[in-house]
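# Summary of structural features
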Amino acid sequence: MKTFLVFLFLLLPAGGAKAESLPGQTDQVIRFGVSTRTFPVANRNDALAALKVWVDTVIREQNLRESAKITLYDSVEALRAAYERGDIDAATLTTEEIMLLGIQPDYIYLTSQGDGINVRYVLLVHRDGGIKDLADLASRKVVFFNNQYMVLALPWLETLFTEVAGQRVDLRKMNFEELDNPSKAILQVFFHQAQGALVTMEAFELACELNPQLRNELMVFHESPPLVPKMFVFRPDWKGTTRDQLEEAMLNLHATPGGQQVLTVFQSSRLSKQPASVLDPTRKFLEDY
């Protein structure tokens, strides 16, 4: 699994909103906000356990005098109110939320691995499944794995129906089934239990590595452009030594045992600093959508 905002979770202790203060620490708190749309619900307990170990290490090794507080936000309205009150120093957000909030960061922070910093969605069908064009799927069963990296998958599929099939499709009225694992979605198409599967290209490539026969039986019917569904951002006007130390810890996550443990949980290889311009294609896609 990829994550673009892993560092925010690195500051979240497993049981609460604030890391324990070490001797000599001040009462200053670094305030982080996280959109619930970016939170990895499926492996929350494992992620928080790994992240708590890592944050304790970072606070100690970086000699940080601040503690960290994290707040989950369920809506753009709640995020906007928190920003207006000055309650957030940094946040994990989807690209759509960045646009709706009007945030203009200089840099964003993304995790990367095999496919780089972007996510590509694929619509899979069986080669012998009788699906000739996209319109054939409108009344057939389509399965998908819905996690924090798939937040743009359904908008892409809606756009695909409009552009390729020439019809507006209400996905809520289609025979859609959400599964708890991308492999299950892929295998349902393989065994003719469903006619289509919507997953990430990364998930499909991994499944084919484990079972090469999948590539012979299944085909990528349509593939999305590279998109950035979510990211970590600092509040643009937050400057200073603490911010610099946190950024350094983020970018060196892959170089420490604790950081490697965190990245393993999120199936990522490292975190990178990118200019905000890398969001331009995704912004354009959302504007068109």
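Computed from a predicted model, the values in this text were never measured in an experiment. (Residues numbered from 1 in each chain as written. Predicted model: local features only at pLDDT ≥ 70, side-chain atom pairs only at ≥ 80, totals over all residues. Heavy atoms only, no water.)

### Here's the deal with the nonpolar core
- Counting residues in each nonpolar core, the largest one holds 26 residues, and the members touching the most others are Tyr121, Leu123, Leu137, Leu157 and Leu198.
- Going through the elements one at a time, strand 5 (121-126), strand 6 (141-145), helix 5 (153-165) and helix 11 (280-288) are the ones with two or more residues in this core.
- In terms of residue count, helix 5 provides more of this core than any other element does, 5 residues in total. (Core = buried A, V, L, I, M, F, W, Y, C linked by side-chain atoms within 4.5 Å. Buried < 20%, exposed > 50% of the residue type's maximum accessible area, 1.4 Å probe, protein only. Helix = DSSP H or I, 4+ residues; strand = E, 2+ residues; numbered from the N terminus.)

### Focus: the pairing of strand 4 (residues 107-112)
- Counting buried positions along strand 4 yields 5 of 6 residues, so the element is predominantly enclosed.
- Sheet topology note: the strand 4/strand 11 (residues 270-275) ladder contains 6 bridges and is antiparallel. In the strand pairing of strand 11, tyrosine 109 is matched with lysine 273. (Pairing = 2+ DSSP bridges.)

### Comments concerning the pattern of salt bridges
- Applying the stated criterion to the full structure yields 11 salt bridges.
- With a closest N to O distance of 3.0 Å, glutamate 96 and arginine 37 form a salt bridge. Within this pair, whereas glutamate 96 is found in helix 4 (residues 95-101), its partner arginine 37 is found in the loop between strand 1 (29-35) and helix 2 (44-61), the two being separated by 59 residues in sequence.
- Take arginine 37: its relative accessible area is 35%, and that puts it in the partly exposed class.
- Arginine 215 is the partner of glutamate 205 in a salt bridge, and the nearest nitrogen-oxygen pair spans 3.0 Å. Pair noted here: glutamate 205 is in helix 7 (residues 201-210) and arginine 215 is in helix 8 (residues 213-217), with a separation of 10 residues, a long-range link.
- Classification of glutamate 205 by relative accessible area gives partly exposed; the value is 30%. (Salt bridge = Lys/Arg side-chain N within 4 Å of Asp/Glu carboxyl O.)

### Points about the packing of aromatic side chains
- A complete count under the given rule lists 8 aromatic pairs for this structure.
- Measuring from ring centre to ring centre gives 5.6 Å for phenylalanine 234 and tryptophan 238, while their planes differ by 55°; the resulting arrangement is tilted. Of the two residues, phenylalanine 234 and tryptophan 238, neither departs from the other in class, the shared state being buried.
- Both rings, one in phenylalanine 285 and one in tyrosine 289, keep their centres 6.4 Å apart while their planes meet at 15°; by these two values the pair is stacked.
- The class of phenylalanine 285 is buried, set by a relative accessible area of 11%.
- Overall, tyrosine 289 belongs to the partly exposed group, its relative accessible area being 44%.
- Following the ring pairs from residue to residue traces out a cluster consisting of Phe32, Tyr109, Phe232, Phe234 and Trp238. (Phe/Tyr/Trp six-rings, centres within 6.5 Å; stacked < 30°, edge-to-face > 60°.)

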